[in-house]
Amino acid sequence: MNKRCSGCGVLLQYDKPELEGYVEHNICEKSKICRRCFRLRFYGDYIFVNKSHEEYENILNQISRTGDLVVYMVDMFDISDELINVDNLLDNPLILVLTKRDLLPKSVKENKIFKHIKTYNLDIIDMISISSEKNYNLDKLYKMIMKHKKSNNVYIVGNTNAGKSSFINKMIKNYSNNKVFITTSMLPTTTLDLMEIKINDKLTIVDTPGLVEEGNIVNSYDYMLLKKILPKKEVKPRTYQIMSNSSLLIEDLVRVDYIEGERNSFTLYLSNELEVNSVKINPIIKVRNFKRHSFEVNSGEDIVISGLGWIKIVNKAVVEVFVNENVKVYKRESII
Ligand SMILES: Nc1nc2c(ncn2[C@@H]2O[C@H](COP(=O)(O)OP(=O)(O)OP(=O)(O)O)[C@@H](O)[C@H]2O)c(=O)[nH]1
Ligand SMILES: [Mg+2]
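Residues numbered from 1 in each chain as written. Chains lettered and ligands numbered in written order. Predicted model: local features only at pLDDT ≥ 70, side-chain atom pairs only at ≥ 80, totals over all residues.

Asks: Describe the sheet that holds strand S5 (residues 195-200), with residues and values.
Replies: Pairing within the open sheet is mixed, and its six strands lie in the order S3-S2-S1-S4-S6-S5. Bordering the open sheet on either side are strand S3 (126-129) and S5, each of which pairs with just one other strand. In this sheet, neighbouring strand axes are inclined to one another by 25° on average, regardless of whether the strands run parallel or antiparallel. Pairing of strand S1 (residues 69-75) with strand S4 (residues 153-158) involves five bridges; the strand directions are parallel. Looking across to S4, one finds that Met-73 is bridged to Gly-158. With respect to the sheet, helix H6 (residues 164-175) is in contact with S1, strand S2 (94-99), S4, S5 and strand S6 (203-207), its orientation differing from that of S5 by roughly 30°. (Pairing = 2+ DSSP bridges. Helix = DSSP H or I, 4+ residues; strand = E, 2+ residues; numbered from the N terminus. Axes fitted to C-alpha atoms, helices over the stretch in contact; angles between N-to-C directions. Contact = placed C-beta atoms within 7 Å.)

See below:
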């Protein structure tokens, strides 16, 4: 069978149920999507697929050789400190798109976030924020793409879950007569291979599988917990006025100990579904597979827990963060 799944791009096959692209033999002639996409769409039933960093880099190399316009999508709620990597791997003209604007409060000043992005000194020709969910700035981005494209082909790249396929579905809906939609999901590695989607006579968008970033919390927990960890609605910042010698507990996932400093203000940007408690420091309280990270935080810095969110700290502080040993934690200049 030489047919690809219109949901995730993988080559369809009916021999090996345990492998990607499987579709039952009796329906393989008429089926357009693989069993995994079918289950994901209709039952919310997720099958984990592992994509290596190497496969991702191979795809970027392939794109780099085309010289075509690349739209680099970055989840506004999960801005990685490794933004620079894509820029290094691609020679193409790049538009940087911050996705999921609706997840951050309306009051957030985008300019400050743009300024933060600029500190990475990426070689980009334009930058914009969008929300596919709320149709925010989609027409503006479409125009930007049409202005900068080098040929009919435009590639969409970015980490897994950045919202690439969701954006393309909106392009199909808004600008195309083609009504075949791509599979999207809140879980990692949904799109499995390159997919060319002809939007109209002037534009073909190529969807790509996203990079599963090392250290991101999505790699460390199961489906049920990820549903809670990954925000779906506007995140309501939670501020705690705390003294040293207190802890903030984010469920049993993270313990933040405020070790040293004056009375301080910690604002948490996390999924609203995660419970937070402020308690006195108690080393007995354990979090799942914890590892300790110590930080000397300066005034106006964030501590980022990769994929989970971040904590904005107002005054100078010595802080210890306990979190799953595979999750990356780092500090940065505050983005809000
Ligand atoms: N709130 C909100 N959620 C969004 C938006 N765009 C995408 N999402 C959600 O983000 C999750 C990931 O979206 P996808 O479009 O599948 O992401 P992707 O970049 O294609 O992911 P991979 O195929 O794994 O690389 C899904 O749950 C989407 O519903 C948005 O504008 N706002
Ligand atoms: Mg996708």
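From this point, the discussion proceeds with the structure in view.
Asks: Give me the environment of Lys-51: which residues, what numbers.
Replies: For Lys-51, the position within the fold is in the loop between helix H1 (35-43) and helix H2 (53-66). For Lys-51, a count of 19 C-beta atoms within 10 Å puts it in the partly exposed group. In this structure, the C-alpha to C-alpha distance between Lys-51 and Pro-188, residues 137 residues apart in sequence, is 9.9 Å. (Buried ≥ 20, exposed ≤ 12 C-beta atoms within 10 Å, placed from the backbone.)

Asks: Account for the site of ligand 1, with residues named and values stated.
Replies: Ligand 1 sits among 25 residues. The nearest are Gly-163, Thr-184, Met-186, Thr-191 and Gly-210. A per-element tally of the shell around ligand 1 places H6 first, with three residues. Split by residue class, the shell around ligand 1 holds five nonpolar, 15 polar and five charged. (Near = placed C-beta within 6 Å. Nonpolar A, V, L, I, M, F, W, Y, C, P; charged D, E, K, R; others polar.)

Asks: Please set out the nonpolar core residue by residue, giving values where relevant.
Replies: Counting residues in hydrophobic clusters, the biggest one holds 38 residues, and the most contacted among them are Val-71, Tyr-72, Val-97 and Ile-156. Going through the elements one at a time, H2, S1, S2, helix H5 (138-148), S4, H6, S5 and S6 are the ones with two or more residues in this core. Looking at this core, the element that brings in the most residues is S1, giving six residues. In contact with Val-97, not counting residues within four places along its chain, are Val-71, Tyr-72, Met-73, Ile-128, Ile-130 and Leu-141. Counting residues in each nonpolar core, the second largest holds 31 residues, with Leu-248, Val-254, Ile-303 and Ala-317 among its members. (Core = buried A, V, L, I, M, F, W, Y, C linked by C-beta atoms within 7 Å.)

Asks: Can you break down the domain arrangement of the protein residue by residue, with the values?
Replies: Parsing the protein into structural domains produces domain 1 (1-43), domain 2 (48-213) and domain 3 (238-333). Each of domain 1 and domain 3 has a C-alpha centre, and these two points are 43 Å apart. (Domains from an automatic or database assignment.)

Asks: Residue-level account of the sheet that holds strand S16 (residues 329-333), with values.
Replies: With respect to topology, five strands assemble into an open sheet ordered S7-S10-S14-S13-S16, the strand pairing being antiparallel. Only two strands of the sheet have a single partner each, and these edge strands are strand S7 (238-242) and S16. Sheet twist, expressed as the average angle between the axes of neighbouring strands with direction ignored, equals 25°. Inspection of the sheet shows strand S13 (residues 301-305) paired to S16 by five bridges, in the antiparallel sense. Along S16, the bridge assignment pairs Ile-305 with Val-329.

Asks: Can you break down unusual backbone geometry residue by residue, with the values?
Replies: The bulk of non-glycine residues show a negative phi, and the bulk of peptide bonds are trans. For Asn-135, which is not a glycine, the phi torsion comes out positive at approximately 55°. Relative to the helices and strands, Asn-135 resides in the loop between S3 and H5. Notably, Asn-137 is not glycine yet its phi reads approximately 65°, a positive angle. A count of 17 C-beta atoms within 10 Å places Asn-137 in the partly exposed class.

Asks: So, the environment of Arg-101: which residues are in play, and what are the values?
Replies: Inspection of the secondary structure puts Arg-101 in the loop between S2 and helix H4 (110-118). Arg-101 gets classed as buried once you count the C-beta atoms within 10 Å, which come to 22. Between the alpha carbons of Arg-101 and Ser-132 there is a distance of 8.6 Å; along the sequence they are 31 residues apart. Discounting chain neighbours no more than four positions away, the residues touching Arg-101 are Met-76, Ser-129, Ile-130, Ser-131 and Tyr-136.

Asks: Before we move on, could you go through the pairing of S2 and cite the residues and values that matter?
Replies: With six of its six residues buried, S2 lies for the most part within the structure. Taking every second residue as pointing to the same face, both faces of S2 are buried, with Leu-94, Leu-96 and Leu-98 on one and Ile-95, Val-97 and Thr-99 on the other. Bridge analysis of S1 against S2 gives six bridges, and the strand direction is parallel. The residue bridging Tyr-72 from the neighbouring strand is Leu-96, located in S2. Note on the crossover from S1 through helix H3 (residues 84-89) to S2: the handedness is right-handed. Of the strand pairs in this sheet, S2 and S3 are connected by four bridges, and their pairing is parallel. The partner of Val-97 across the bridge, within S3, is Ile-128. (Right-handed = clockwise from strand over helix to strand, strands pointing away.)

Asks: Could you give me a rundown of the confidence of the model for the protein, with the residues and numbers involved?
Replies: Model confidence for the protein is summarised by a mean pLDDT of 94, while 100% of its residues fall at 70 or above. Between the elements of the protein, mean pLDDT differs from a low of 86, seen in H3, to a high of 98, seen in H5. (pLDDT = per-residue confidence, 0-100.)

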